[in-house]
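One-letter residues, chain by chain:
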Amino acid sequence: MSDLSRASALLARAGHVAVMTGAGVSAESGIPTFRGPGGLWRGRDPMTLATPEAFAADPGLVWEFYNWRRALVARAGPNPAHLALVELASRVPRLSVITQNVDRLHQRAGSRDVLELHGNLGEVRCTRCRAVDDRWGEPLPPLPRCDACGALVRPAVVWFGESLPRDVWLAAESAVCSADLVLVVGTSAVVYPAAGLIATGRRAGAAVIEVNLEPTPASGPADIGLYGKAGEILPRLVAGEST
Ligand code: OAD
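For the structure given in this document, a descriptive report is provided here. (Residues numbered from 1 in each chain as written. Predicted model: local features only at pLDDT ≥ 70, side-chain atom pairs only at ≥ 80, totals over all residues. Heavy atoms only, no water.)

### Brief notes about the site of the ligand
With respect to spatial proximity, 23 residues lie near the ligand, and among them Phe34, Arg35, Thr187, Ser188 and Asn212 are the closest. The contact in question runs from an oxygen atom of the ligand to an N or O atom on the side chain of His118, over 2.8 Å. Thr187 has a polar side-chain atom sitting 2.7 Å from an oxygen atom of the ligand. Protein chains shield 92% of the accessible area of the ligand, which is 790 Å² for the free molecule. (Near = heavy atom within 4 Å. Polar contact = N/O pair within 3.5 Å; in protein donor to acceptor, adjacent residues only side chain to side chain. Areas by Shrake-Rupley, 256 points an atom, 1.4 Å probe, with all protein chains shown as cover.)

Right, dumping it as C-alpha cells:
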C-alpha cells in the first residue's frame, strides 16, 4: 500500500482533522517561504526584521518590508493546496485549520474559523493606544498612523520574542488534543511554540501526516510523510486517490 493510500485511509476514518500549515502552503501562490530559496528581502533575512527590536530601531525599514509583503499577498491568490483544504472541510465531520501564515489565503480560499497563530498582515495595532484596525486592501503610507490617536501603528503580527495571542493558542491546543489526525503542511517545524502543537497532538493520540517538499523535525512524530508540492499532493489526498 502506498503512503498516499495509507494517508487517504486515515483521512477517510478521521472524525476530527486538525490541519497545521506554514509558509510552504502558500509557496505555490508566489509568496516566498522564510527559510527556503528566495527567502531574502533585499539581501536581508526576514527574521532580522520581524522583531520588536528591529521596529524600535528603524520602523521605516520594517514598514517597508511589511508594505512589500502586503502588496505581494494582495496580488496573490489561493492555490490548489488552500482549495483542497476547503474541500476537505466538506468531507470530514470536523476540521480545524491552524496556520502560522499571516497572508489570509486560507480565508480567501474559503476556509472558516482559521486559527492564526502569528496574526495577519491585514491588521495594524497602535503602539500607544493598542487599538487594532483592519487596513487590509489599502496601501499604507511609509509610517502609518493610528486613526484613533495618531501614534505610529505596527503590523498586528507576532514577532520573534513575542507571545502568541492566548485565545488562539488555547483553541489550537484544544484542537490538536481532540483531533484524531493532525495534517502538517508546508512548515519547517522549527519555530516554537507553534511547532510543539504537532508533538502535543501526537501525545494526545492523533496520527500525524506530514506534507512537505522534504523531511523536517516533524517527520519524527509523523506516521506518514508525503513529499512533494502541497498544491499537487493535497488535492490528491483529499480526493482519496490511492496511488
Ligand atoms: P519556513 O519558511 O520555515 O518553512 C517552509 C516549509 O515549507 C519548508 O519546510 C519547505 O520545505 C516547505 N515548502 C516549500 N514549498 C513547499 C510546497 N510547494 N509544498 C509543500 N511544502 C513546501 O516557514 P514556516 O515553517 O511557516 O514566524 O515558518 C514558521 C515561522 O517562522 C513563520 O510563521 C514566521 C517565521 O519566522 C513569525 O514571523 C513569528
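### Describing the environment of Ala50
Structurally, Ala50 is set in the loop between helix H2 (24-27) and helix H3 (52-57). Note: C-alpha distance between Ala50 and Trp159 (109 residues apart in sequence) is 5.1 Å. Aside from chain neighbours lying at most four places away, what touches Ala50 is Tyr66, Trp159 and Phe160. (Helix = DSSP H or I, 4+ residues; strand = E, 2+ residues; numbered from the N terminus. Contact = heavy atoms within 4.5 Å.)

### Remarks on the sheet that holds strand E1 (residues 16-21)
As summarised here, the arrangement of the six strands in space is E3-E2-E1-E7-E8-E9, forming an open sheet in which the pairing is parallel. Two strands lie at the open edges of the sheet, namely strand E3 (115-116) and strand E9 (224-227), each paired on one side alone. Sheet analysis places strand E8 (residues 207-212) next to E9, joined by four bridges and oriented parallel. Bridged to Val211 within E9 is Leu226. Relative to the sheet, helix H1 (residues 3-13) contacts E1, strand E7 (181-185), E8 and E9, its axis offset from that of E9 by approximately 120 degrees. (Pairing = 2+ DSSP bridges. Axes fitted to C-alpha atoms, helices over the stretch in contact; angles between N-to-C directions.)

### A look at helix H5 (residues 80-89)
Of all the positions in H5, only Ala81, His82, Ala84, Leu85 and Leu88 are classed as buried. In a view along the axis of H5, the buried residues occupy a sector of 160 degrees, so they form one face of it. If you check the start of H5, you find a side-chain oxygen 2.6 Å away from the backbone N of Ala81, and it comes from Asn79. (Buried < 20%, exposed > 50% of the residue type's maximum accessible area, 1.4 Å probe, protein only. Arc of directions from axis to C-beta.)

### Some words on the packing of helix H7 (residues 166-178) against helix H8 (residues 196-203)
Any two packed helices are characterised by how steeply their axes cross, that is the angle between the axes, and by the distance between the axes. Where H7 meets H8, the closest approach of the two axes is 8 Å, and the angle between their N-to-C directions is 40 degrees. Here H7 lies oblique to H8, going by the angle between them. Between H7 and H8 lies a crossing of right-handed hand. In contact with Trp169, Ala172, Glu173, Val176 and Cys177 of H7, H8 contributes Leu197, Thr200 and Gly201. Here the contact of H7 with H8 is composed, by residue class, of five nonpolar, two polar and one charged. (Parallel < 35°, antiparallel > 145°, perpendicular 65-115°, else oblique. Left-handed = near helix turned anticlockwise from the far one by under 90°. Nonpolar A, V, L, I, M, F, W, Y, C, P; charged D, E, K, R; others polar.)

### Regarding the sheet that holds strand E4 (residues 119-126)
Strand order in the open sheet made by the three strands is E5-E4-E6, with antiparallel pairing throughout. Edge strands, defined here as strands with exactly one partner in the open sheet, are strand E5 (132-134) and strand E6 (153-157). When strand polarity is set aside, the average angle formed by the axes of neighbouring strands in this sheet is 40 degrees. When E4 meets E5, the two strands line up antiparallel, connected through three bridges. The residue bridging Arg125 from the neighbouring strand is Val132, located in E5.

### Things to note about the environment of Ala218
Tracing the chain through its elements places Ala218 in the loop between E8 and E9. Using a relative accessible area of 3% as the deciding quantity, one classes Ala218 as buried. Placed 89 residues apart in sequence, Ala218 and Cys129 show a C-alpha to C-alpha distance of 39 Å. Not counting residues up to four positions away in its chain, the partners in contact with Ala218 are Ala189, Ile198 and Glu210.

### Some details on H8
Residues Gly196, Leu197, Ile198, Thr200 and Gly201 constitute the buried set of H8. Its buried side turned inward, H8 meets E1, strand E2 (94-99), H7, E7 and E8. Directly after H8, the chain includes Gly205, whose backbone phi takes a positive value near 110 degrees.

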